[in-house]
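# Structural overview
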Amino acid sequence: MTTTLTGADIGARLTRLRQAAPLVHSLTNYVAMNSAANVLLAVGASPAMVHAREEAAEFAALADAVLINIGTLSPHWVEAMVEAATSAGEHQTPWVLDPVAVGATAYRRESAARLLDLRPSVIRGNASEIIALAEDGLGGRGVDSTAASDDAVQAAVALARRQEAVVAVTDEVDLVTDGRRLVRVPGGHPLMPRVTALGCALSGVVAAFLAADQDPLVATCAALACYGEAGSRAGRTAQGPGSFAVAFVDALHQLNPETLLRREPLAIESLD
Ligand SMILES: Nc1ncnc2c1ncn2[C@@H]1O[C@H](COP(=O)(O)OP(=O)(O)OP(=O)(O)O)[C@@H](O)[C@H]1O
Ligand SMILES: Cc1ncsc1CCO
Ligand SMILES: [Mg+2]
């Protein structure tokens, strides 16, 4: 059975997010911190980049959603991430894991495994990262993907079933699955992977949408669709990666439910 998610459905979720202005506690990497905060503000959320171990649990308890990104790890950060994820679990606060470059080193794999045990609501990565997580193996070229989202369908479904979580794989066409349903989200622009940390910022946007929705699969699709729409719009005026980054934040800020009405409905395919 296939149902759909229309542009109006996505617009309604964007409106809800902006009304709620969710506080997104972000433990993200040094590269992403500033751009991710600006992206979250542009979409209508309230970012806080708080990563000291001494306050991570307390802050996560205040937040509407939590983002944990392993991009620039060190032991103190990992302990803070474990504290924040544990606190999010205790408070039924949704949280997103971004497993940056998880296939690259044993330290990343071990740290990601500890975080997976704490049950993220959503895992968002590129194809190489999702394949590495699902197969507990190697993959990718540092933080960049060497695979396409279509190569990661089986891995994403298997990981979603094993973790009882939503898994999102981003690429030219994004994939979202909770192990029972599968959605393909087109959109975006080829300059997006040429701007660092746009994927990291997207994981924060997914967290913001989760805070305002009961269904994490639908919330994730809405986040990806809004991001893709803003990316397509920014690509119309950008001269290259530098001006794209600026145009993209402006496009996210200008995005409104009316502009989303023209989007093709997304098919929610049942895997049962
Ligand atoms: N070739 C492409 N065409 C259109 N959109 C793309 C393309 N590649 C990636 N995107 C979009 O870029 C955004 C970021 O996804 P990407 O897969 O680059 O994340 P990532 O590899 O984790 O990024 P980073 O590690 O730099 O933060 C997503 O919205 C995705 O849809
Ligand atoms: C470039 C880079 N290095 C570590 S994290 C990061 C941001 C993109 O994932
Ligand atoms: Mg990434």
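Residues numbered from 1 in each chain as written. Chains lettered and ligands numbered in written order. Predicted model: local features only at pLDDT ≥ 70, side-chain atom pairs only at ≥ 80, totals over all residues. Heavy atoms only, no water.

### Details of the site of ligand 2
Just so we agree on the cut-off: We define proximity as follows: a residue is near a molecule or strand when any one of its heavy atoms falls within 4 Å of that partner. All accessibility values rest on the Shrake-Rupley procedure with a 1.4 Å probe; residue burial counts only the protein chains present in the view. Each cavity reported here is a set of points on a 1 Å grid over the protein atoms alone in which a 1.4 Å probe fits but cannot get out, each pocket an open set with protein on both sides within 12 Å along at least five of seven lines, and each lining residue one with an atom within 4 Å of a point. What decides whether a molecule sits in a cavity or pocket is whether more than half of its atoms lie within 2 Å of the grid points. When residue character is reported, Ala, Val, Leu, Ile, Met, Phe, Trp, Tyr, Cys and Pro are called nonpolar, Asp, Glu, Lys and Arg charged, and the others, Gly included, polar.
Close to ligand 2 lie Asn-29, Val-31, Gly-71, Val-100, Val-143, Thr-196, Ala-197 and Cys-200, which account for all nearby residues. Computed on the free molecule, ligand 2 has an accessible area of 290 Å², of which 74% lies beneath the protein chains in the complex. Given that more than half its atoms are within 2 Å of the pocket grid, ligand 2 belongs to the largest pocket. Among the residues forming the shell around ligand 2, the class breakdown is five nonpolar, three polar and no charged.

### Considering the packing of aromatic side chains
Put simply, the rule reads: Aromatic rings from Phe, Tyr and Trp, with only the six-membered ring used for Trp, were paired whenever their centres fell within 6.5 Å, and each pair was classed as stacked if the ring planes differed by under 30 degrees, edge-to-face if by over 60, and tilted otherwise. The numbering of helices and of strands both runs from the N terminus, where a helix is a DSSP run of H or I of at least 4 residues and a strand a run of E of at least 2. Buried residues are those whose accessible area, probed at 1.4 Å on protein chains only, stays under 20% of the maximum for their type, while exposed residues exceed 50% and partly exposed ones sit between those limits.
Within this structure, the stated rule accounts for three aromatic pairs. Ring centres of Tyr-227 and Phe-248 lie 4.8 Å apart, and the angle between their planes is 75°; on these two criteria the pair is classed as edge-to-face. You can see Tyr-227 sitting in helix α9 (residues 216–235) and its partner Phe-248 sitting in helix α10 (residues 241–254), a full 21 residues away along the chain. Assigned by exposure class, Tyr-227 and Phe-248 land together as buried. Since its relative accessible area comes to 0%, Phe-248 is described here as buried. Among the aromatic residues, those joined into a cluster by ring pairs are Tyr-227, Phe-244 and Phe-248.

### Considering the site of ligand 1
Note the cut-off: For this analysis, a polar contact is any N or O atom pair within 3.5 Å, provided that within protein one partner can donate a hydrogen and the other can accept it, and provided that sequence-adjacent residues contribute only side-chain to side-chain pairs.
Inspection of the region around ligand 1 gives 18 residues, with Arg-124, Thr-170, Asp-174, Gly-199 and Cys-200 positioned closest. The side chain of Asp-174 places a nitrogen or oxygen atom 2.7 Å from an oxygen atom of ligand 1. Burial of ligand 1 by the protein amounts to 89% of the accessible area it has alone, namely 620 Å². Most atoms of ligand 1, that is more than half of them, are within 2 Å of grid points of the largest pocket. Mapped onto the shell around ligand 1, the elements with two or more residues apiece are β6 (122–126) and α8 (198–211). Sorting elements by how many residues they give to the shell around ligand 1 places α8 first, with four residues. Here the shell around ligand 1 is built from residues that sort into eight nonpolar, six polar and four charged.

### A word on the pairing of strand β3 (residues 46–49)
Which entries qualify depends on this criterion: Any two strands between which DSSP finds at least two bridges are classified as paired. The definition of a right-handed crossover adopted here requires that, viewed with the strands pointing away, the path from the first strand over the helix to the second runs clockwise.
Taken together, the four bridges between strand β2 (residues 23–27) and β3 define a ladder with parallel strand orientation. From the neighbouring strand, Ser-26 faces β3, where its bridge partner is Met-49. You can see the chain leave β2, run along helix α2 (residues 33–43) and come back into β3, and the turn it takes is right-handed.

### Looking at the UniProt feature "binding site: substrate" (unreviewed entry) in the protein
This is how it is decided: UniProt positions are given in the numbering used here, feature names are shortened, and annotations may be inferred rather than shown by experiment. What makes two residues a contact is simply this: any of their non-hydrogen atoms within 4.5 Å.
In this structure's numbering, the residues bearing the UniProt feature "binding site: substrate" (unreviewed entry) are Met-49 and Ala-197. Within this annotated set, the largest pocket is lined by Ala-197. Here Met-49 shows up in strand β3. Setting aside residues no more than four positions away along its own chain, Met-49 makes contact with Ser-26, Thr-28, Met-33, Ala-36 and Ala-37. With respect to the helices and strands, the residue Ala-197 is situated in the loop between β9 (181–185) and α8. Classification of Ala-197 as buried rests on a relative accessible area of 11%.

### A look at the nonpolar core
Where we set the bar: We call a set of buried residues a nonpolar core when its members are Ala, Val, Leu, Ile, Met, Phe, Trp, Tyr or Cys and they connect through side-chain atoms within 4.5 Å of each other.
Residues Val-176, Phe-209, Tyr-227, Phe-244 and Phe-248 are the most contacted members of the largest nonpolar core, which totals 54 residues. Sort the elements by how many residues they give to this core and α9 lands first, with 12 residues. Ignoring anything within four residues of it in the chain, the contact list for Phe-209 reads Arg-13, Leu-14, Leu-17, Val-43, Ala-219, Ala-222, Ala-223 and Cys-226.

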